[in-house]
Amino acid sequence: MKKFNIRKVLDGLKEASSSSSSSTPSVQVGPQENNLIQETLQSEHFQLCKTVRHGFPYQPSSMAFDPVQKILAIGTQNGALRLFGCPGVECYCQHESGAAVIQLQFLINEGALVSALADDSVHLWNLRQKRPAVLHSLKFNKERITFCHLPFQSKWLYIGTERGNIHIVNVESFMLSGYVIMWNKAIELISRIDHPVPVLFLIIGFESGIVVLWDLKSKKADYRYTYDEAIHSVAWHHEGKQFICSHSDGTLTIWNIRGQGKPIQTITPHGKQPKDGKKPESCKPILKVEYKTTRIGDPFIIFSGGLSYDTVGRRPCLTVMHGKSIAVLEMDYPIVDFLTLCETPYPNDFQEPYAVVVLLEKDLVVIDLAQNGYPIFENPYPLTIHESPVTCCEYFADCPVDLIPALYSVGSRQKRQGYSKKEWPISGGNWGQGTQNDKHLMLQVLYKLKTAKVFDRNRSKEDKGSTEGSDEDPFAIQIMAFCPESRMLCVAGVSANVIIYRFSKLEVTTEVVQLLELRMQYELNEMESPDGGGGEQTSAHPTPGASPQTSGPPSHPSTSSNNSDGGNIPCLKVRSTPLKQSAGFQVDLVVQSVWVSGEPPQQITSLVLNSSYGLLRYICSAVGLCDINEYSATSEDRCKSPTSDHRDNSFSRSRSSSVTSIDKEAREAISSFHFCETFARKGDCTLTPCLYVGTSLGSVLVLALTLPAAGEQRQLQPVIISPTGMLVRLKGSIMRMAFLDSTGSLLPSAFEPWYEPNITADGEEREKIRKRRPVSVSPSSSQELNESQLAVVCSEKQAKVISLPSQTCIYKHSITENSFILRADVVQMNQGVCLACFCANGHIMTLSVPGLRPLMDVNYLPLTDMRIARTFCFTNLGQAMYLCSPTEIQRITYSQETCENLQEMLGELFTPVETPEAPNRGFFKGLFGGGAQSLDREELFGEIAAGKASRSLAQHIPGPGGLEGMKGAASGIVGDLARARIALDERGQKLGELDERTAAMMASADSFSKHAHDMMLKCKDKKWYQF
């Protein structure tokens, strides 16, 4: 085999092009080249703002539900609020303090929400606008808040504190009342539940096990209930005659409000009952209990916790007790909170529960109580993106119109069975009524692909040792490359493997997974270490070996066999059994780097795919170029790669290869690739398929590709790579490369249109279809040969625009000096093309193309987590996204047009809904006083009766969402006009009804006058005794 050293080639390319690069102009631009392309993008076209946040709320801490509006609110430990309605209605809010949200309370059907935080502040949120805002805040200074409660249709909020006191807040003015329920013992108040019927009593539960029935009018304790175990929660029976408590020993106690001081029933649901009548064994605490009644049948008692201590390793459970049946529902994660959804919002009516919303640490589950077996509802929100930790993201904003329907079609077949047949109960809000195209603000899970199915998961001990080069999951995904037009997907894993998928609408069973093994070879040479500090040290410098040391084509089981020299061991073993692949992305080829001489392969750091050329390029410590376009399943078919990348394969059994490595310790490494059709050499007049290579020291090298014709020649003849020299050099590592035509339009990479790979035809017919399959190339191929192109190159520090084929630098801009760029993309906007950059110092910048004029520079997001750097990505139409937490995706826009129309594109949280009628109390109860009458609590809690609260107790802070803030956050001109039009219509309708009523009254008056006149004439001459 011919020896080939890529390192020497790179050095030769730099030396050969040093003369041309030295004459390249720097910042100077001639007046003629300044007017080559008229740029249309200006600074006013850019504005940065957040759009929507998707995913599961990170570290949830509390939850609330509006049973009339059908809106769910979730609070988190970092002070965030997430509100959910029907699919598409999602909203994210953030408390300024960032303190944990300990409790949420809806003002039911009022479009408002109360949040209590761990910093002892209470906030009132206005939900009647698309972006909720704080109306009022109340900051307690002397006492810590432990519990809040807001009764239905009440304007008085009860706040319990750590000292055992209860303060009362008017939610309209958000001012404290002078009415305070004091407790003379400094014990922690953990729960407080208002009486369900409109009487004067309040029930207060203390952690010590004491429950107090408080008389609001007389301001004294009416009754006390004592239990030996600490109380965690209290719940009323709807009639108000009984209540239930959950305790720290796993028991439930049911009490009559006029009992004998003892519970009428004590239950230990999960405790073993001794035969000798002794007290059941203690269990884990029951953290929360709810008591819901039905008109027909037994009540529901639902609680979390309470399992026996001997159930070690058992998953967290929610228990549903209905009559004599006890259902234990296991959860995948610890339970944070749960709520029972009922048909009525009135607590003094039969509840008729129909579902339970369970908030877990990493999931949201809704259980159907109306069906046998308690199935769960299918969740329409994208809350499972963190099912396994997210390692990389790619964002495509302008996909082909047929791609999403195709993914939805195959993804619908993946849905699990056994879901509830009912519709998702959290269905509030309104979405999709805006005048703008707001579809792109919604995120929906279309399809899931599990790459681990390709590999054999039952690895031996020897194989497990082969993954010691990575501390991550051996199946973790490192990089993705996707071609939306050809629907070809490449996935690079941390185990130095690349899987190539093709999209198919048909199910297929693959007998043998095609495998290509890459063997990296090194020779030890002495060289100066970059970190030697001036001294001479030796380090590993790889050069090609004397021979590739390849064995005959083995079968798949032997690809992981351990050799005496530790060679030919892949990090993962490709499965040897037939692989059943459902419709969707189906594996076409697996490329693996194997161990050599006891050294593990390096992880892949860059990946690029071109479906038109049928080539895949990736970087680890070596450069791999894989020909994936055409191959056959016959053993006679063999392809020889060019001397730079040798491949000797037999597709009927396995694929193996040997490539040459670049020095792992070298000062310069390859950092990026770009396939294109451009002018390969200086002064060329024809377009050639090329591969542009960017290095860590800012060099851009050009490799010309010679592709055989499609069909049989493509199988038999190699792809020839011809180095043509170094194009340009920049400061810092090369991040991104792109090409423009002579008009300044962005040139997309060539691609192959999608075709169905699993066609049902014989070999000859299949070959005919392949031969006549069209290949779409970049628009530049249809241009005149003498037209020029522009190459846009961006590094970590600066950007340059090179004119081709003259290879002269016509524009240069230094983007940052004190920081470095993490992500850069040349993106298409509605008005033109720009270069978008995200720097490590948190700045997001856009530059015009090709002029490289600064258009926007916003200090948006300082780099506080490597997760942001790993997942941040730009896309076309002014969109970007990143993983803001391990479970959430934040989408932003840098388009002024999108920011202006965002208010119209968002969903409505609050919609006018009529409140259900109150339950009928009955004629005789109301007539004879069988039930307690309602009390105007203004008489108790108002300033006249209770006085003013101490100013030192809490501080009132007006929020930005007050009247002025609400006016400023109105929906815009379109929404104002629509509301004005509706108001005018309503006013006209009311005026018309008034006119009709007036005319009817006038006619009635005329008729009455006529009848009165007739009666007067009839009785005019009669005496009184004649009547």
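- An unreviewed UniProt entry lists the protein chain under the name Syntaxin-binding protein 5-like, from Fundulus heteroclitus.
- UniProt, in the comment section headed Sequence similarities (unreviewed entry), describes the protein chain in these words: "Belongs to the WD repeat L(2)GL family."

**Points about the sheet that holds strand S52 (residues 843-848)**
Thought 1: As summarised here, the arrangement of the four strands in space is S50-S51-S52-S53, forming an open sheet in which the pairing is antiparallel. Edge strands, defined here as strands with exactly one partner in the open sheet, are strand S50 (821-828) and strand S53 (854-859). Put simply, the sheet's adjacent strands are angled 15 degrees from each other on average, direction ignored.
Thought 2: In the sheet, S52 pairs with S53 via five bridges, with the strands oriented antiparallel. Along S53, the bridge assignment pairs Thr-846 with Met-856.

**Regarding the confidence of the model for the protein chain**
Thought 1: This prediction gives the protein chain a mean pLDDT of 78; 75% of its residues lie at or above 70.
Thought 2: A low-confidence stretch, residues 1-10 stays under pLDDT 50, and its non-local contacts, those more than four residues away or across chains, total 22 contacts.
Thought 3: With pLDDT under 50 throughout, residues 776-785 is counted as low confidence; its partners more than four residues away or in other chains account for 23 contacts.

**A short note on the UniProt feature "repeat: WD" (unreviewed entry) in the protein chain**
Thought 1: The residues that UniProt annotates with the feature "repeat: WD" (unreviewed entry) are residues 224-258.
Thought 2: With 0% helix and 57% strand, residues 224-258 has end C-alpha atoms that lie 10 Å from one another.

**Looking at the sheet that holds strand S20 (residues 252-256)**
Thought 1: Taken in spatial order, the four strands make up an open sheet running S18-S19-S20-S21, and their pairing is antiparallel. Looking at which strands have only one partner, the edges of the open sheet turn out to be strand S18 (231-236) and strand S21 (265-267). This sheet shows a mean twist of 20 degrees between the axes of neighbouring strands, independent of strand direction.
Thought 2: Across five bridges, strand S19 (residues 242-247) lies against S20 in antiparallel orientation. Residue pairing in the sheet places Phe-243 in a bridge with Trp-255 of S20.

**Side note on helix H9 (residues 896-905)**
Thought 1: When you tally the buried positions in H9, you get eight out of 10 residues, the bulk of the element.
Thought 2: The set of residues buried in H9 consists of Gln-896, Thr-898, Cys-899, Asn-901, Leu-902, Gln-903, Glu-904 and Met-905.

**A few points about the environment of Ala-799**
Thought 1: Among the secondary structure elements, Ala-799 is positioned in strand S48 (residues 798-804).
Thought 2: The class of Ala-799 is buried, set by a relative accessible area of 0%.
Thought 3: On a C-alpha basis, the gap between Ala-799 and Arg-736 in space is 9.4 Å, while along the polypeptide they are 63 residues apart.
Thought 4: Setting aside residues up to four positions removed in sequence, Ala-799 forms contacts with Leu-730, Val-793, Cys-794, Tyr-811, Lys-812, His-813, Ile-815, Leu-835 and Leu-852.

**Quick word on the pattern of salt bridges**
Thought 1: This model, assessed by the stated rule, comprises 20 salt bridges.
Thought 2: Close ionic contact of Glu-90 with Arg-82 constitutes a salt bridge, the shortest N to O distance being 3.3 Å.
Thought 3: The exposure class assigned to Arg-82 is buried, which follows from its relative accessible area of 1%.
Thought 4: The closest approach of N and O atoms between Glu-387 and Lys-448, which form a salt bridge, is 3.3 Å.

**Considering the packing of aromatic side chains**
Thought 1: One pass over the full model with this rule turns up 22 aromatic pairs.
Thought 2: Ring geometry for Tyr-225 against Phe-243: centres 5.2 Å apart, planes inclined by 75 degrees, an arrangement best described as edge-to-face. Here the residue Tyr-225 occupies a position in strand S17 (residues 220-226), and Phe-243 occupies one in strand S19, the gap between them amounting to 18 residues. Of the two residues, Tyr-225 and Phe-243, both sit in the buried class.
Thought 3: Here the aromatic cluster, defined as three or more aromatic residues joined through ring pairs, consists of Phe-396, Tyr-447, Phe-482, Phe-503, Phe-585 and Trp-754.
Thought 4: One cation-aromatic arrangement involves Arg-53 over Tyr-92; the distance from NZ or CZ to the ring centre is 3.7 Å.
Thought 5: Positioned above the aromatic ring of Trp-754, the side-chain terminus of Arg-487 is 4.3 Å from the ring centre.

Conventions we followed
- Residues numbered from 1 in each chain as written.
- Predicted model: local features only at pLDDT ≥ 70, side-chain atom pairs only at ≥ 80, totals over all residues.
- Heavy atoms only, no water.
- UniProt positions renumbered as here; feature names shortened; annotations may be inferred.
- Pairing = 2+ DSSP bridges.
- Helix = DSSP H or I, 4+ residues; strand = E, 2+ residues; numbered from the N terminus.
- Axes fitted to C-alpha atoms, helices over the stretch in contact; angles between N-to-C directions.
- pLDDT = per-residue confidence, 0-100.
- Contact = heavy atoms within 4.5 Å.
- Buried < 20%, exposed > 50% of the residue type's maximum accessible area, 1.4 Å probe, protein only.
- Salt bridge = Lys/Arg side-chain N within 4 Å of Asp/Glu carboxyl O.
- Phe/Tyr/Trp six-rings, centres within 6.5 Å; stacked < 30°, edge-to-face > 60°.
- Lys NZ or Arg CZ within 6 Å of the ring centre and 35° of its normal.

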